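This is what each chain is made of:
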Amino acid sequence: MKKTVVFDFDGVIHSYSSGWKGESNIPDPPVPGIDLALKEVHDAGYEVVVVSTRCSSLAGKTAIENWLDMYGLDQYVDRVCKEKPPAIVYIDDRAICFDGHPETLLDKIERFQPWNKRFTKGLKADDRK
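Bear in mind that the values here come from a model prediction, so they are computed numbers and not experimental data.

Quick notes on the rules
Residues numbered from 1 in each chain as written. Predicted model: local features only at pLDDT ≥ 70, side-chain atom pairs only at ≥ 80, totals over all residues. Heavy atoms only, no water. Pairing = 2+ DSSP bridges. Helix = DSSP H or I, 4+ residues; strand = E, 2+ residues; numbered from the N terminus. Axes fitted to C-alpha atoms, helices over the stretch in contact; angles between N-to-C directions. Contact = heavy atoms within 4.5 Å. 1 Å grid on protein atoms, 1.4 Å probe; cavity = no way out; pocket = protein on both sides within 12 Å on 5 of 7 lines; lining within 4 Å. Points joined across faces, edges and corners; volume = space filled by probe spheres on them. Nonpolar A, V, L, I, M, F, W, Y, C, P; charged D, E, K, R; others polar. Buried < 20%, exposed > 50% of the residue type's maximum accessible area, 1.4 Å probe, protein only.

J.: Whenever I open this one, the sheet that holds strand 3 (residues 79–81) confuses me. Can you help?
T.: For sheets, the rule is that strands pair by backbone hydrogen bonds, running either parallel or antiparallel. With parallel pairing, the four strands of this open sheet are ordered in space as 3-2-1-4. Sheet topology places strand 3 and strand 4 (89–91) at the edges, where each strand pairs with a single neighbour. Going across the sheet, the axis of each strand differs from the next one's by a mean of 25°, ignoring polarity. Pairing between strand 1 (residues 4–8) and strand 4: three bridges, direction parallel. If you follow Val-6 over to strand 4, its bridge partner there is Tyr-90. Packed onto the sheet, helix 1 (residues 34–43) meets strand 1 and strand 2 (47–51) and runs at close to 165° relative to strand 1.

Structure below.
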């Protein structure tokens with residue numbers, strides 16, 4: 001049995017720069033370089049699973065599958081689903097990695113920003129053109 005690596009869809013594979021436009025409306029391109037990362041993980045023998053709450057409906061799941069196909073990423077994805085299956089690792093833009101220090105969690109939660117919203121050179125990612 002292959003070891004599973006789970007990727008969140010929005011903000012990890014789909015750049016999600018336009019924000020939420022509905023479960024079946026996926027307007028943005030892939031995150032730059034994610035195609036190579038998915039290929040590398042898949043070619044290393046891992047089962048690649050994409051998860052998204054968009055999969056709450058058949059229309060949302062179909063939209064993701066069509067989007068992956070449109071960008072040629074479907075060849076590196078073994079499964080698309082709503083719930084996170086057991087895996088060796090989860091890749092998510094809205095996660096805090098637990099470091100064994102529960103006493104710091106509230107601070108990490110309150111200061112959290114996804115990668116594409118963090119300050120860079122005095123500007124938020126949204127402010128850069």
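J.: Any chance you could explain the layout of surface pockets here in plain terms?
T.: Rolled over the atoms, a probe sized like a water molecule indicates the empty space that remains. The calculated volume of the second largest pocket comes to roughly 220 Å³. Taken together, Asp-8, Asp-10, Tyr-16, Trp-20, Val-51, Ser-52, Thr-53, Lys-82, Lys-84, Asp-92, Asp-93 and Arg-94 make up the full set of residues lining the second largest pocket. Looking at side-chain class alone, the lining of the second largest pocket contains three nonpolar, two polar and seven charged residues.

J.: Before we go on, may I ask you to explain the environment of Tyr-76 in this structure?
T.: Positionally, Tyr-76 belongs in the loop between helix 2 (58–70) and strand 3. By relative accessible area, which is 14% here, Tyr-76 ends up buried. Taking the C-alpha atoms as reference, Tyr-76 lies 14 Å from Phe-9; in sequence the two are 67 residues apart. Setting aside residues no more than four positions away along its own chain, Tyr-76 makes contact with Asp-35, Leu-38, Lys-39, His-42 and Val-48.

None of this, on its own, says anything about what the molecule does.
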